[in-house]
Amino acid sequence: MTNHTRSSQVSLAALLLAGLSAACMNDPLAGTSPPDDGGVTPGAGTVATTTSTGGGGTTTPTGGTGGSTASTDVTQFWFLEGAERAVDILFVVDNSPSMDPKQTALATNFAMMMQQLQMLPGGLPDLHIGVISSDMGAGAEGIGGNCDAPLGDRGLLWGNDPTPGVRATVAGAPNNGCGLYSGARWIEDIQNPNGIGRQQNYTGNLTDVFSCLAKGVGVNGCGYEHQLQSLRVALNPQAGVNDANIGFVRQKAYLAIVLVTDEDDCSANPDDVTNDNMFLQRPPGQTASLKCAARGHVCNGKPIPNYDPVNGYSGTGFSTALSNCAPKEPKNPVDPAYLPLIGVQDMIDWVNRAKALPQDQIFVSGIIGWPANNDPSTVFYQIGKDATSLPPPQNTYWDYMPICTIPTQMAADGNIYKAYGGLRLKKFIDGFGDRGQTFSICNADFTSALTQIGDAILQPMTTGCFPYPLADTDTTTPGIQPDCQVVEKIACDMPGTGGCMPTGYMESPLSECMDAGPPLDPANPQINNIPDSVRPCWYLSYDTAPSTGCSRAPNGQKISALRPTGTVAPAGSLLALTCVTCPASNPDCTAASH
């Protein structure tokens, strides 16, 4: 590589980075955390964990109720009366040479995910569905092979762009572009404003369009996969880089992220000085996967033994349980073993900033290199030589070894189906708490994974699910007789004036719906018996439908507001609840033993 070539390509990357820096002092291509701008801190104000729509739960212990010696809690909780029906689903699809059988599995089983979403009352939610690749190049210059383009696909959504020379465009885009209309870079399938029919920016079947896009990213991407960097840049579109992404993420919509990859993340800054020449120095006889693993992981609390950032691996092999290994944390650059990759927590923070309420609006799933039994102590983290690697002499190179193989399945490059331990990706997914779920790509059939991902997307769109065990105030009556105070909060335009509270809501306490005296039976609430004269009121019901109900709440319990006939809750209205609940350690509020 000549100095002239290096200088020219560095200038290209610098030009793109300059545009980013002008738009944002801490741009998403850089590895520094964004400044605190007074926005919502992820998880702020949420003491108790919840999976219900928009809810923030705060629990306070109390003494016994009704003369019982059992302890109870008082839990405050809120949720949107009308569920937000919009969701933006972003797939990060690894497009390195080993991925074609995995892309096929994704394309084949995507219909399972759509079947789950179709179960939402009223049918499919308002959808944006996009696909990005894992290719962000390898540093500030093209290093040849599949990593020839600085910044790779730039986190640009794959679509139908007839502009000549534009990357991240499906084959044949000027003719059909997977069925997307010309210029479209994501699937749009939303309900018409009049409630009749759908607005779509494609022709044909939604599942077929997505399947084409999922495979359209190809398998010629850079082998230094930047799954997390591509995701972060995609969610922060910048002029001159990927501004065609603007509009994909909608302010009020949920954001569901799905990672599909068989290798761990190797995201680093594009500047070769900042990334410590991470991609320019690879000693002969050693793979790119080994370099990413050795510089991005620690095992038994220490760097990978016998690995030097400049000279590479000098050992004779290494093996330990995957459970003994973890992503390396950022350190001072003067440390020769420091992390040249972007810290995982930095990635989590940037993604969370894509939404005002990330703890309620963002959901992350990964089909990644992880043990099929979810037990990392049962597989090995190994440095060795993979005799099955093609083409020769790849089989003689020191390599980061796969945690699973399926010899009967082949990739386009002739290699057998493999997956490598995704330590950085697992930490990223786990960083979203109960909004993150991991599936093993070692299971070549994605049916179960995509079904469960669809189910997880449905859950926040099911309003009223109350995830804490309600205390029963009358054990002589069948069912649960809850003790709740419910307030309806309707958004208003002039906070602090008239009936508009300083919080920006008009607040109205609701009474419990009664059926000729007693409350409605939660197992079979006869809401038609409630006259309009006492509405709006609230009632408890049990809804255990697997996907569209409250199956994750105790007893499937759901609290709803019953409005006058022919009316709906105003947009943005909330129900704020204060209920007596049982502690998690004693969900039946049974009397304490002495």
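Right, let's walk through the structure included here. As the structure is a prediction and not an experimental result, all values here were calculated from the model.

Parameters at a glance
- Residues numbered from 1 in each chain as written.
- Predicted model: local features only at pLDDT ≥ 70, side-chain atom pairs only at ≥ 80, totals over all residues.
- Heavy atoms only, no water.
- Axes fitted to C-alpha atoms, helices over the stretch in contact; angles between N-to-C directions.
- Helix = DSSP H or I, 4+ residues; strand = E, 2+ residues; numbered from the N terminus.
- Parallel < 35°, antiparallel > 145°, perpendicular 65-115°, else oblique.
- Left-handed = near helix turned anticlockwise from the far one by under 90°.
- Contact = heavy atoms within 4.5 Å.
- Nonpolar A, V, L, I, M, F, W, Y, C, P; charged D, E, K, R; others polar.
- 1 Å grid on protein atoms, 1.4 Å probe; cavity = no way out; pocket = protein on both sides within 12 Å on 5 of 7 lines; lining within 4 Å.
- Points joined across faces, edges and corners; volume = space filled by probe spheres on them.
- Pairing = 2+ DSSP bridges.

Right, let's get into the packing of helix H4 (residues 227–234) against helix H6 (residues 344–352). Packing of H4 against H6 leaves a shortest axis separation of 9 Å and a crossing angle of 25°. Considered as vectors, H4 and H6 are oriented roughly parallel to each other. Handedness of the H4/H6 crossing: left-handed. Contacts between H4 and H6 pair Leu 228, Gln 229, Leu 231 and Arg 232 from the former with Asp 346, Met 347, Trp 350 and Val 351 from the latter. Here the residues of the contact of H4 with H6 sort into 5 nonpolar, 1 polar and 2 charged.

Looking along the chain, the bond that leaves Pro 392 and enters Pro 393 is cis, with omega of 10°. For the bond from Arg 535 to Pro 536, the omega torsion is 0°, close enough to zero to count as cis. Residue position: Pro 536 is located in the loop between strand S21 (505–512) and strand S22 (537–542). Despite not being glycine, Arg 154 has its phi angle at roughly 65°, a positive value.

By volume, the second largest pocket amounts to about 800 Å³. Lining the second largest pocket are 35 residues, and of these Pro 97, Gly 223, Ala 288, Ser 289 and Gln 394 sit closest to its centre. Looking at side-chain class alone, the lining of the second largest pocket contains 14 nonpolar, 13 polar and 8 charged residues.

On any regular strand, side chains alternate: one points to one face of the sheet, the next to the other face. Across 3 bridges, strand S4 (residues 126–133) lies against strand S5 (residues 187–191) in antiparallel orientation. Within S5, the position partnered with Ile 129 by the bridge is Ile 187. Bridge count for S5 against strand S6 (residues 198–200) is 3 bridges, and the pairing is antiparallel. Counted as the bridge partner of Asp 189 is Gln 200 from S6. Adjacent in sequence and paired antiparallel, S5 and S6 are bridged by 6 residues, among which Gly 195 carries a positive phi angle near 80°.

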